[in-house]
Amino acid sequence: MSGEIFMVRACRCKRCGRLLTSTEAVERGYGCQCAAKAKTEEQAQAPIPGQMNIMDYLNDETEE
């Protein structure tokens, strides 16, 4: 051992709680697998363009 001391910036993943040590993961807040899963979930929850929800429909009915 050379007696050198070094520090690694680390934090926990916002999704699974695992330790993140890479610079990109620490900045992002997610590991690579959790980032992909979070992106997929976000896209799945996004409304389809032109799609109406029940409240939109009811508001249109009451305006007429």
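Let me sum up the structure you'll find in this document. Source: prediction; values computed, not measured.

### Thoughts on the overall build of the protein
- Secondary structure assignment for the protein yields three helices and two strands.
- What you see in the protein, going N to C, is helices and strands ordered as β-β-α-α-α.
- Against the compact-globule benchmark of 11 Å for 64 residues, the protein has a radius of gyration of 22 Å, which places it well outside the compact range.
- With the principal axes as the frame, the protein shows a C-alpha extent of 80 × 15 × 15 Å.
- For the protein, the residues scored as buried account for 12% of the 64 residues in total.
- Considering only residue pairs separated by 6 or more positions, the protein has 3% of its internal contacts joining residues 24 or more positions apart.
- Here the protein displays about 6,000 Å² of accessible surface, and carbon together with sulfur accounts for 53% of that area.

Here is what the cut-offs are and how they apply
- Residues numbered from 1 in each chain as written.
- Predicted model: local features only at pLDDT ≥ 70, side-chain atom pairs only at ≥ 80, totals over all residues.
- Heavy atoms only, no water.
- Helix = DSSP H or I, 4+ residues; strand = E, 2+ residues; numbered from the N terminus.
- Rg over C-alpha atoms; globule rule 2.2 N^0.38 Å.
- Buried < 20%, exposed > 50% of the residue type's maximum accessible area, 1.4 Å probe, protein only.
- Contact = heavy atoms within 4.5 Å.
- Areas by Shrake-Rupley, 256 points an atom, 1.4 Å probe, with all protein chains shown as cover.

Without other data, these values stay purely geometric and don't point to any function.
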